[in-house]
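# Notes for the structure review
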Amino acid sequence: MKDLTFDKSRVINFSDAVFSIAMTLLVLEVGIPSIKAISSNSTWVILQNRIPSFIGLVVSFLVTALYWVSHLRSMKYVTTVDAKLLWLNIFLLLFIVLMPFSTGFYVTGYNLVGPFVFYCFNLSAIGLFNFLLIRYIMKKEIANPELTPHIKRWYLHTALNALIIWILAGVLAFILPSVARLIFILIFVIQFFINRNYKKKTTRLK
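The structure presented is a predicted model; accordingly, all values stated were derived computationally and were not measured.

Tallying secondary structure elements over the protein gives ten helices and two strands in all. Per-residue burial over the protein gives 42% buried out of 206 residues. A sequence separation of at least 24 residues applies to 79% of the contacts in the protein between residues at least 6 apart. When the accessible area of the protein is evaluated, it comes to approximately 11900 Å², of which 72% is carbon and sulfur surface.

Right under this line is the structure:
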């Protein structure tokens, strides 16, 4: 049983389907107004009332998309899918599937701490299993000549970046809730410096 392996293409296809369904379901959290509400309110008022829902949709969609891109990048190095890799992938997908619920929960209680902390927990769990999956792939495929120490560091630092920021956001929500809701922007700022450092080292190695 130790040497049991699984079809890589089926694992990737299934993962892609889960990502795409979860990302599509996010739009359902933007409630469609009733005909009565449309008749008695202006379009601007209706849309204004749904600003938190649109913010939740855009942030969750983009973050989930980034994890999908990370999944695409890391899985290309996988030669065989063993049981450990399969289960790390399954737990990653479990928390991806939870995203529509946690987004809706957060949006409904937009000004409350609890729903936002739960949202951060969901994203932290995705970040954790994404990191564990990538770390395992880096160790498992150690013989792959494409996976130089330099490239491995980039993958691991990128995965840790999002994980740490979402944990920090969840903790800060109890102290500085307004700051916690905006701190996710740091993911893109830090990633910029990670990428710049990677490009510099790549140029130097060439």
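This is not the end of the story, as more comes after the structure.
For the rest of this paragraph, the subject is the packing of aromatic side chains. Working definition: an aromatic ring pair is given by the centre-to-centre distance plus the angle between the planes. All chains considered together, the criterion is met by 17 aromatic pairs. The residue whose ring lies beneath Arg181 is Tyr110, and the NZ or CZ to ring-centre distance is 5.9 Å. Seen from the ring of Phe116, Arg181 lies directly overhead, with NZ or CZ sitting 4.9 Å from the centre.

Attention now goes to the packing of helix 7 (residues 113-140) against helix 8 (residues 149-172). Close contact between helix 7 and helix 8 brings their axes to 8 Å; oriented N to C, the two are set at 165°. As judged from the angle between their axes, helix 7 and helix 8 are roughly antiparallel. The chirality of how helix 7 crosses helix 8 is left-handed. For the contact of helix 7 with helix 8, the per-class residue count stands at 17 nonpolar, four polar and two charged.

With that out of the way, let us pick up a nonpolar patch on the surface. Together, Leu182, Ile185, Leu186, Val189, Ile190, Phe192 and Phe193 line one region of the surface with nonpolar side chains, adding up to about 620 Å² of accessible area. For Val189, the position within the fold is in helix 10 (residues 185-205).

Tracing the backbone through its elements, the reader meets Glu141 in the loop between helix 7 and helix 8. Given the relative accessible area of 6%, Glu141 is considered buried. Residues in contact with Glu141, not counting those within four places in the same chain, are Tyr77, Val78, Thr79, Thr80 and Leu147.

The next thing to look at is the packing of helix 4 (residues 51-75) against helix 6 (residues 99-108). A pair of packed helices is captured by two measures, namely the crossing angle of their axes and the spacing between those axes. Where helix 4 contacts helix 6, the two axes come as close as 9 Å, and the packing angle between them is 150°. Classified by the angle their axes make, helix 4 and helix 6 are roughly antiparallel. Handedness of the helix 4/helix 6 crossing: right-handed. Along its contact with helix 4, which presents Pro52, Ser53, Gly56, Leu57, Ser60 and Thr64, the element helix 6 presents Met99, Thr103 and Val107. Residue composition of the contact of helix 4 with helix 6, by class: four nonpolar, five polar and no charged.

Note on placement: Leu123 falls in helix 7. Accessibility expressed as a relative area gives 0% for Leu123, which makes it buried. Between the C-alpha atoms of Leu123 and Ser178, which are 55 residues apart in sequence, the distance is 18 Å. Discounting residues that sit within four places of it in the chain, Leu123 has contacts with Val63, Tyr67, Met99 and Trp166.

Moving on, we get to the confidence of the model for the protein. For the protein, the mean per-residue pLDDT works out to 88, and 94% of the residues sit at or above 70. Within the protein, the lowest mean pLDDT, 70, falls on helix 2 (residues 35-40), and the highest, 96, falls on helix 5 (residues 83-97).

Time to look at a positive patch on the surface. A surface patch of positive charge is lined by Arg153, Arg196, Lys200, Lys201 and Arg204. Top element by residues in the positive patch is helix 10. It accounts for four residues. Looking at where Arg153 falls in the secondary structure, it is placed in helix 8. Of the residues examined, Arg153 reaches a relative accessible area of 39% and is grouped as partly exposed.

Definitions and limits used
Residues numbered from 1 in each chain as written. Predicted model: local features only at pLDDT ≥ 70, side-chain atom pairs only at ≥ 80, totals over all residues. Heavy atoms only, no water. Helix = DSSP H or I, 4+ residues; strand = E, 2+ residues; numbered from the N terminus. Buried < 20%, exposed > 50% of the residue type's maximum accessible area, 1.4 Å probe, protein only. Contact = heavy atoms within 4.5 Å. Areas by Shrake-Rupley, 256 points an atom, 1.4 Å probe, with all protein chains shown as cover. Phe/Tyr/Trp six-rings, centres within 6.5 Å; stacked < 30°, edge-to-face > 60°. Lys NZ or Arg CZ within 6 Å of the ring centre and 35° of its normal. Axes fitted to C-alpha atoms, helices over the stretch in contact; angles between N-to-C directions. Parallel < 35°, antiparallel > 145°, perpendicular 65-115°, else oblique. Left-handed = near helix turned anticlockwise from the far one by under 90°. Nonpolar A, V, L, I, M, F, W, Y, C, P; charged D, E, K, R; others polar. Patch = residues over 30% accessible without salt bridge, like charges linked within 9 Å, V, L, I, M, F, W, Y side chains within 5 Å. Salt bridge = Lys/Arg side-chain N within 4 Å of Asp/Glu carboxyl O. pLDDT = per-residue confidence, 0-100. Lys, Arg positive; Asp, Glu negative; His and termini not counted. Charge placed at Lys NZ, Arg CZ, Asp CG, Glu CD.

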